[in-house]
Amino acid sequence: VNGPAIGEGFTTLMMGDIIYASDSAYFWAPFARFGVVPEITSTVTLPQRVGMAVAAEMLLMSKKKTPEEMLRAGLINEVLPAGDGFLPAVKERMKSGLNLAGDPSVRLKALRMFKSMLKTKEWRDRMVAQNRNEQEMVRQRVRDGDIQKNLAFYSAQMPQKKK
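Note that the coordinates shown come from a computational prediction; the quantities given were computed from them, not determined experimentally.

*Asks:* Hey, could you run me through the overall build of the protein chain in this one?
*Replies:* Each helix and strand in the protein chain was counted, giving nine helices and four strands. Helices and strands in the protein chain line up, N terminus first, as β-α-β-β-α-α-α-α-β-α-α-α-α. With 163 residues in all, the protein chain has 32% of them scored as buried. In the form shown here, the protein chain has an accessible surface area of approximately 10500 Å², with 60% of it arising from carbon and sulfur atoms.

Rendered as structure tokens:
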């Protein structure tokens, strides 16, 4: 993460296995602020990754978090300096990790096997069911007009452009 991780850009991180962030990144789930349903199973995976207190603050109060806060909460593995050196630093860490993973001819098979132990079929099935529930909630919010009302509320508060 080498910049803002907002909304879906944040919630997709919950599916990541290893996450590095630059010191200039921030993490924001503004769903409540805009009346939008959190997606990509984040109502389940965010509390699992960062704990209920941090997840509730982010999802219910739209609280932004720094990379250091996300490191302490357990979402990210390491905070790296922003800038031109960020991507090379990430690549070096990944290369070092893969080199420790054994013979290249069996590495991928082993990593897939180990990952399936971390994220089991039962876990994947639960996430698919949760995603379906979230999608239905999104459809319900659209049918009720809630999202449009919230967008109109915030649009009315925006400064008007001078002509």
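Don't stop here, the text continues.
*Asks:* What is the right way to look at unusual backbone geometry in this model?
*Replies:* Generally, phi is negative for residues other than glycine and the peptide bonds are trans, each holding for most cases. The backbone phi angle of T41 is positive, close to 60°, even though this residue is not glycine. For T41, the position within the fold is in the loop between α2 (31-34) and α3 (42-50). Judged by its relative accessible area of 3%, T41 falls in the buried class. In the Ramachandran plot, S62 falls in the positive-phi region, its phi being about 55° despite a non-glycine side chain.

*Asks:* What is the right way to look at the pattern of salt bridges in this model?
*Replies:* Close approach of charged atoms lets side chains of opposite charge pair. Summed over all chains, the structure comprises eight salt bridges. Residues D17 and K119 are paired through a salt bridge, measuring 3.2 Å at the closest nitrogen-oxygen approach. Placement of the pair is D17 in the loop between α1 (8-11) and β2 (20-22) and K119 in the loop between α7 (104-118) and α8 (121-144), with a sequence separation of 102 residues. Residue class for D17 comes out partly exposed when judged on its relative accessible area of 40%. Overall, K119 belongs to the buried group, its relative accessible area being 14%.

*Asks:* How do you make sense of helix α4 (residues 52-61) when you look at a structure like this?
*Replies:* Each α-helix turn comprises 3.6 residues. Residues three or four places apart therefore point the same way. Within the span of α4, buried status applies to A55, M58 and L59. Summarising the axial view, the buried residues of α4 lie within an arc of 85°, below the 170-degree limit, and thus occupy one face. Looking at α4, the residues exposed on the side facing more than 90 degrees away from the buried face are A53, L60 and M61. Of the surrounding secondary structure, the elements contacted by the buried residues of α4 are α1, β3 (26-28), α2, α3 and α5 (67-73). Backbone geometry just downstream of α4 places S62 in the positive-phi region, at approximately 55°.

What counts and what doesn't
- Counting starts from 1 at the beginning of each chain's written sequence and moves along it residue by residue.
- Reporting in this predicted model follows two pLDDT cut-offs: at least 70 for local features of residues, and 80 or more for side-chain atom pairs to be given and counted; totals over whole chains, interfaces and linings ignore these cut-offs and use all residues.
- To obtain the side-chain values, all non-hydrogen atoms of the structure were included, while hydrogens and water were left out.
- Only runs of H or I of at least four residues qualify as helices and only runs of E of at least two qualify as strands under DSSP, and these elements are numbered from the N terminus.
- A simple rule labels every residue: compare its accessible area, found with a 1.4 Å probe on the protein chains alone, to the largest value its type can have, and call it buried under 20%, exposed over 50%, or partly exposed in between.
- Accessibility throughout is a Shrake-Rupley quantity obtained with a 1.4 Å probe, and a residue counts as covered only by protein chains that appear here.
- The rule for a salt bridge is simple: a side-chain nitrogen of Lys or Arg has to be within 4 Å of a carboxyl oxygen of Asp or Glu.
- The arc in question is the one traced by the directions running from the helix axis out to the C-beta atoms.
- Whether two residues are in contact is decided by their heavy atoms, any of which lying within 4.5 Å being enough.

Fair warning: the whole summary comes from geometry, so function is off the table for now.
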